[in-house]
Amino acid sequence: MENNQTEISELGEFGLIDRLTKDFPLKNPETKKGVGDDAAILSFGDKDVLVTTDLLLEGIHFDVRYVPLKHLGYKAAIVNFSDIYAMNGTPKQITVSIGVSSRFTVEHLDAIYSGIKLACEIYGVDLVGGDTSASATGLVISITCIGVAAPEDVVRRDGAKPTDIICVSGDLGAAFMGLQLLERENVVAAGQKNFQPDFAGKEYILERQLKPEARKDIIEMLRKEGIKPTSMMDVSDGLSSELLHICKDSDTGCRVYEDKIPIDYQTALMAEEFNMNLVTAAMNGGEDYELLFTVPLTDHEKIEKLKGVTMIGYITKPELGCAMVTRDGAEIPIKAQGWNAFNAQS
Ligand code: ADP
Ligand code: MG
């Protein structure tokens, strides 16, 4: 590196975002929350408008050798809807921007858009614009999603309080194990002519990687049961990383129990096959698009009855830090090993 130049990896993803955005004080009274949550919160009249955007790059976020293009389009839309649900809002519109190299044909783009269309139909979202450009190499998809919520319904990352119960929807680590499997089969396939990968009994983890869903159902269920989380975010980078975000923003600590982390049977089998630590995969895998949220202790009975929601621990005072309690009662500090595109080792 030249003198006084800084490697991006020295800052990491979140350090970089902080540095780039810290000198932008908010000027408009309509801007309730800028950088730092799953979506920005804008106040217009009696509604809050939520805005989020995600960028997917070929070779970084997806590999067209094993991701069907329709699935890619579907997932590109879903990850944005997930961020809106994570604010307890409803996604309403998307814009889609793409950059394509000459390696891709019109039919390829049709396939991507058929996935986007399906996601829009299922989640009731309108496609309202975007941008299209040639790209020197590879495929780029960026989707921006606009959502809406009543101001009193919006849930941020910073509202967790000591004694709150920490909950997570669905199960964790499956999308990560699905990716490991796809990458392994792709390596195996290279060099074999008529290679047929054996995915029998592994459908769930593959689906979790290739065709994730946003947890609209969980948001609706919580609303129906009269439960409003004190904090919430979606699990895109891995549970460890997301827990640290909630605790940092809420100025709290947390305890989560190793034996409470929800993990599917197929995820466990696959981790064993790969000789990977299962809990590490579930805590740090990412791309689960489940909802991580906290509720007051007084909601314990209501939460207990809910299908598809697991209580995994509780919020503490900040002095206690963030830790996982192992099966034998030891406490291990939680570290962010979440996905980090700028970290060469990951
Ligand atoms: P998520 O995982 O929920 O999509 P990110 O971790 O990507 O959120 O981003 C964290 C926060 O930083 C968000 O508020 C996002 O809008 C903001 N952000 C990310 N990259 C940039 C950037 N280059 N410029 C401004 N804000 C950014
Ligand atoms: Mg998010």
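All values derive from a computational prediction rather than experimental measurement.

What counts as what
Residues numbered from 1 in each chain as written. Chains lettered and ligands numbered in written order. Predicted model: local features only at pLDDT ≥ 70, side-chain atom pairs only at ≥ 80, totals over all residues. Heavy atoms only, no water. Pairing = 2+ DSSP bridges. Helix = DSSP H or I, 4+ residues; strand = E, 2+ residues; numbered from the N terminus. Axes fitted to C-alpha atoms, helices over the stretch in contact; angles between N-to-C directions. Expected span 1.5 Å × (residues − 1). Bend = angle between axes of the 7 residues up to and from the residue. Donors = N, O, S within 2.8 Å, 3.2 Å for Na, K, Ca; no water. Buried < 20%, exposed > 50% of the residue type's maximum accessible area, 1.4 Å probe, protein only. 1 Å grid on protein atoms, 1.4 Å probe; cavity = no way out; pocket = protein on both sides within 12 Å on 5 of 7 lines; lining within 4 Å. Points joined across faces, edges and corners; volume = space filled by probe spheres on them. Arc of directions from axis to C-beta. Contact = heavy atoms within 4.5 Å. Near = heavy atom within 4 Å. Polar contact = N/O pair within 3.5 Å; in protein donor to acceptor, adjacent residues only side chain to side chain. Areas by Shrake-Rupley, 256 points an atom, 1.4 Å probe, with all protein chains shown as cover. Parallel < 35°, antiparallel > 145°, perpendicular 65-115°, else oblique. Nonpolar A, V, L, I, M, F, W, Y, C, P; charged D, E, K, R; others polar.

Turning to the sheet that holds strand β2 (residues 40–44), a few remarks are in order. Strand order across the open sheet formed by 6 strands is β1-β2-β3-β6-β4-β5, with mixed pairing between neighbours. This sheet does not close on itself; its edge strands, each paired only once, are β1 (31–33) and β5 (126–134). Averaged over all pairs of adjacent strands, the angle between strand axes in this sheet comes to 20°, irrespective of strand direction. As judged from the 8 bridges shared by strand β4 (residues 90–100) and β5, these two strands associate in the parallel manner.

Between its first and last C-alpha, helix α1 (residues 8–21) extends only 15 Å over 14 residues, short of the 20 Å set by a 1.5 Å rise per residue. By the largest-angle criterion, Phe14 marks the main kink of α1, which is about 80°.

With that settled, the discussion passes to the coordination of the magnesium ion (ligand 2). Ideal values for angles at a metal depend on the geometry: 109.5 degrees with four tetrahedral donors, 90 or 180 degrees with six octahedral donors. Of the protein atoms, only Asp38 (OD), Asp83 (OD) and Asp234 (OD) coordinate the magnesium ion (ligand 2), at distances of 2.0 to 2.2 Å. Considered as a linear motif, the donors of the magnesium ion (ligand 2) on their single chain read D-x44-D-x150-D. Residue Asp38 is located in the loop between β1 and β2, and its partner Asp234 is located in strand β8 (residues 231–234); the two are separated by 196 residues in the primary sequence. Judged by its relative accessible area of 6%, Asp38 is buried.

What follows concerns the layout of surface pockets. Approximately 300 Å³ is the volume attributed to the second largest pocket. As for the second largest pocket, its lining consists of 16 residues, and the residues nearest its centre are Thr280, Met283, Asn284, Met324 and Ile332. Of all the elements in the fold, those that place two or more residues in the lining of the second largest pocket are α9 (278–284) and β13 (331–333). The biggest single contributor to the lining of the second largest pocket is α9, with 5 residues.

Attention now goes to helix α8 (residues 265–273). When α8 is considered as a whole, its buried residues turn out to be Gln266, Thr267, Met270 and Ala271. Down the axis of α8, the buried side of the element spans an arc of 135°, and every buried residue falls inside it. The exposed set on the far side of α8, more than 90 degrees from its buried face, consists of Tyr265 and Glu272. Packed against the buried residues of α8 are α4 (174–189), α5 (203–210) and α9. At the C-terminal side of α8, Asn275 shows a positive phi close to 60°.

Around ligand 1, the neighbouring residues are Phe14, Ile17, Thr21, Val35, Gly36, Asp37, Asp38, Asp54, Asp83, Arg157 and Ser236. Note that an oxygen atom of ligand 1 is positioned 3.1 Å from one of the backbone N or O atoms of Asp37. Note that an oxygen atom of ligand 1 is positioned 3.4 Å from one of the side-chain N or O atoms of Ser236. Starting from 560 Å² of accessible surface for ligand 1 in isolation, the protein chains cover 63%. When residues in the shell around ligand 1 are grouped by element, the largest group, 3 residues, is from α1.

At a minimum axis distance of 8 Å, the contact between α5 and α8 shows a crossing angle of 95°. With respect to α8, the axis of α5 lies roughly perpendicular. Across the interface between the two elements, Glu203, Tyr204 and Ile205 from α5 touch Gln266, Thr267 and Met270 from α8. For the contact of α5 with α8, the class distribution of residues is 3 nonpolar, 2 polar and 1 charged.

Time to look at the sheet that holds strand β12 (residues 322–325). Ordered by their spatial adjacency, 7 strands build an open sheet running β8-β10-β7-β11-β9-β12-β13, and the pairing between neighbours is mixed. Taken across any chain shown, the strands that pair with only one partner, and hence form the sheet edges, are β8 and β13. In this sheet, adjacent strand axes meet at a mean angle of 25° when their direction is disregarded. When strand β9 (residues 253–257) meets β12, the two strands line up parallel, connected through 4 bridges. The partner of Cys254 across the bridge, within β12, is Cys322. The sheet contacts of helix α6 (residues 216–224) involve β7 (165–169), β8, β10 (291–295) and β11 (309–316), and relative to β10 the element is tilted by about 15°.

The analysis is restricted to geometry; functional conclusions fall outside its scope.
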